[in-house]
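Residue-level listing of the chains:
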Amino acid sequence: MTKRIALVYDCIYPYTKGGGEKRYYEIAKRLAIKGHEVHLYGMKFWEGQDVLQKEGLYLHGICPPKPLYTKDGRRSIRQAVFFGIHCLKLIKENFDIIDCCSFPYFSLFTCKFVCLLKGKKLHSTWHEVWGKKYWRSYLGVLGYIASSIEKFSVFLPDKIISVSEHTTKKLKNDLSSKKDIITVLDGVDVDYIQKIKPSPVKSDVIFAGRLLSHKNVDVLIKSIAILKKSHRNVKCFIIGDGPERTRLEKMVATLHLTRNVVFLGFLENHDEVYSLIKSSKVSVLPSSREGFGMVLVEANACGIPVITVKNKDNAAKDLIEEIKNGYVCRLGEKEIAEKIIKIVKNNTNEEMRQRCLDSAMKYDWNEIVNKIEKVYQE
């Protein structure tokens, strides 16, 4: 039976790019192919009409865009409340299913209210759990309030979709969730990525993602400084933008790495990202907190190995099978530099390339959408 499905997240791909936005868009696109009517609701990051039709989907800009981050790089509470209030507009919409992203929480409260009025059940996708300790380090005293909101939020959905086993465990252990939790991983379109040609512009190391403090791009830059001592022409591309960019650019200048580390900013065409990844030797994600780590799966689909770090809040480490498709190491510039050298030396190894592709094949979007559809149909 076909459904009218509402997916709610403050950011909509491709107008903002991140793992959450990409997941919702890829799922929505495939649900539409299956005959469902799919609507994405978020902030209006585009020019023109409030509602766009794109690839069989309806994209709704329900409010003007607000900065996602404050000047000091923290997620904006004002933006989260602003978007949450505007989600009341969903009262006027008709839908069979509503799936609201858990973060940034306030929209989840609004969607619960809307569902109660309409007699519908609320689904919610959870990408990660921050927990009291992390909230305390992130916001100081206000972190106690934020962690309480997060803990209460887990009781709002009728059904929770978690993007990783890591997040599922944290929902149960850290937030004491007793709700029905279904783990449905993120995915990648390996066949599509295989058709994209490598860029003529080559690099040794590549990072793709938002430039946020917990991504630890500064540690990656320090590792490039170490590599430069023995590999003078080492080249690192940094794709993405965010509140950390100015600080990171200053660090690159201070370490005399302006010829080695190149900031490419936010790339509108994601195919260009894949093309650049294919022309690199290793993808590095030194993040200490990830709900899944889709960029690593995408890098494997491009046929290149990956490096990430050991941290209890980093679900990306679970995507790595040592040697087969990459490495996991301690968060430190020396450790990352050592792993980069190890991979670069074996970069011509066709066996590793094939192992990376085999690893990515486990995360096929079509299989994932079949699982999501089953959850929505129940």
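Keep in mind that what you see is a predicted model, and the values were worked out from it rather than measured.

Draft legend 1. Local environment of unusual backbone geometry. Look at the link from tyrosine 13 to proline 14: it is a cis peptide, with omega at 5°. Mapped onto the elements, proline 14 comes out in the loop between strand E1 (4-8) and helix H1 (19-33). The peptide bond linking phenylalanine 103 to proline 104 adopts the cis configuration, its omega dihedral lying at 15°. Position of proline 104 among the secondary structure elements: in the loop between strand E5 (97-101) and helix H3 (106-118). Backbone geometry at glutamate 55 places phi at a positive 50°, although glycine is not the residue there. Among the structural elements, glutamate 55 can be located in the loop between strand E3 (51-54) and strand E4 (57-63).

Draft legend 2. Fine view of the sheet that holds strand E14 (residues 326-329). What the six strands build is an open sheet, ordered E11-E10-E9-E12-E13-E14; its pairing is parallel. Each of the sheet's edge strands pairs with one partner strand only, and the pair in question is strand E11 (261-265) and E14. Between one strand and the next, the sheet's axes are offset by a mean angle of 20°, whatever the strand orientation. As paired strands, strand E9 (residues 205-208) and strand E12 (residues 282-285) are joined by two bridges and run parallel to one another. What sits directly across from isoleucine 206, in E12, is serine 283. Here helix H12 (residues 333-345) sits on the sheet and contacts E9, E12, strand E13 (306-309) and E14; the angle it forms with E14, its principal contact strand, is near 165°.

Draft legend 3. Region of the structure containing the sheet that holds E4. Strand order in the open sheet made by the eight strands is E3-E4-E2-E1-E5-E6-E7-E8, with mixed pairing throughout. Unpaired on one side and paired on the other, E3 and strand E8 (180-183) mark the two borders of the sheet. The sheet shows a mean angle of 25° between the axes of neighbouring strands, taken without regard to direction. Lying over the sheet, H1 contacts E1, strand E2 (37-43), E3, E4, E5, strand E6 (122-126) and strand E7 (159-162), oriented at roughly 155° with respect to E2. Contacts between helix H2 (residues 77-86) and the sheet are confined to E1, E2 and E4, with E4 contributing the most and set at about 115° to the helix.

Draft legend 4. The arrangement of the side chain of arginine 289 in detail. Note on placement: arginine 289 falls in the loop between E12 and helix H11 (294-301). Side chain to side chain, arginine 289 and glutamate 128 meet in a polar contact 2.8 Å long.

Draft legend 5. Broad picture of the packing of aromatic side chains. Enumeration over the complete set of coordinates arrives at 14 aromatic pairs. Here the aromatic rings of tyrosine 134 and tyrosine 138 are separated by 5.8 Å at their centres, their planes lie at 25°, and the arrangement is stacked. With tyrosine 134 and tyrosine 138 both in helix H4 (residues 131-139) and four residues apart, the pair spans about one turn of that helix. Neither residue differs from the other here; tyrosine 134 and tyrosine 138 are each classed as buried. Here tryptophan 135 and tyrosine 138 contribute two aromatic rings whose centre-to-centre distance is 5.9 Å and whose plane-to-plane angle is 80°, an arrangement assigned as edge-to-face. Taken together, the positions of tryptophan 135 and tyrosine 138, both in helix H4 and three residues apart, correspond to about one turn of that helix. Across the pair, tyrosine 138 and tryptophan 135 agree in class, each one buried. Ring pairing ties together the aromatic residues Phe103, Tyr105, Trp126, Trp130, Tyr134, Trp135 and Tyr138, which thus form one cluster. The lysine or arginine in question, lysine 22, covers the ring of tyrosine 13, its NZ or CZ lying 5.3 Å from the ring centre.

Draft legend 6. Expanded view of the packing of helix H8 (residues 217-228) against helix H9 (residues 245-254). The N-to-C vectors of H8 and H9 enclose an angle of 15°; their axes lie 10 Å apart at closest approach. Here H8 lies roughly parallel to H9, going by the angle between them. In this structure, H8 crosses over H9, and the sense of that crossing is right-handed. From H8, Val217, Asp218, Ile221 and Lys222 reach across to H9, where they touch Arg247, Leu248, Met251 and Val252. Class assignment for the residues of the contact of H8 with H9 results in five nonpolar, no polar and three charged.

Conventions adopted
Residues numbered from 1 in each chain as written. Predicted model: local features only at pLDDT ≥ 70, side-chain atom pairs only at ≥ 80, totals over all residues. Heavy atoms only, no water. Helix = DSSP H or I, 4+ residues; strand = E, 2+ residues; numbered from the N terminus. Pairing = 2+ DSSP bridges. Axes fitted to C-alpha atoms, helices over the stretch in contact; angles between N-to-C directions. Contact = heavy atoms within 4.5 Å. Polar contact = N/O pair within 3.5 Å; in protein donor to acceptor, adjacent residues only side chain to side chain. Phe/Tyr/Trp six-rings, centres within 6.5 Å; stacked < 30°, edge-to-face > 60°. Buried < 20%, exposed > 50% of the residue type's maximum accessible area, 1.4 Å probe, protein only. Lys NZ or Arg CZ within 6 Å of the ring centre and 35° of its normal. Parallel < 35°, antiparallel > 145°, perpendicular 65-115°, else oblique. Left-handed = near helix turned anticlockwise from the far one by under 90°. Nonpolar A, V, L, I, M, F, W, Y, C, P; charged D, E, K, R; others polar.

Any functional reading would require information beyond the geometric quantities listed.
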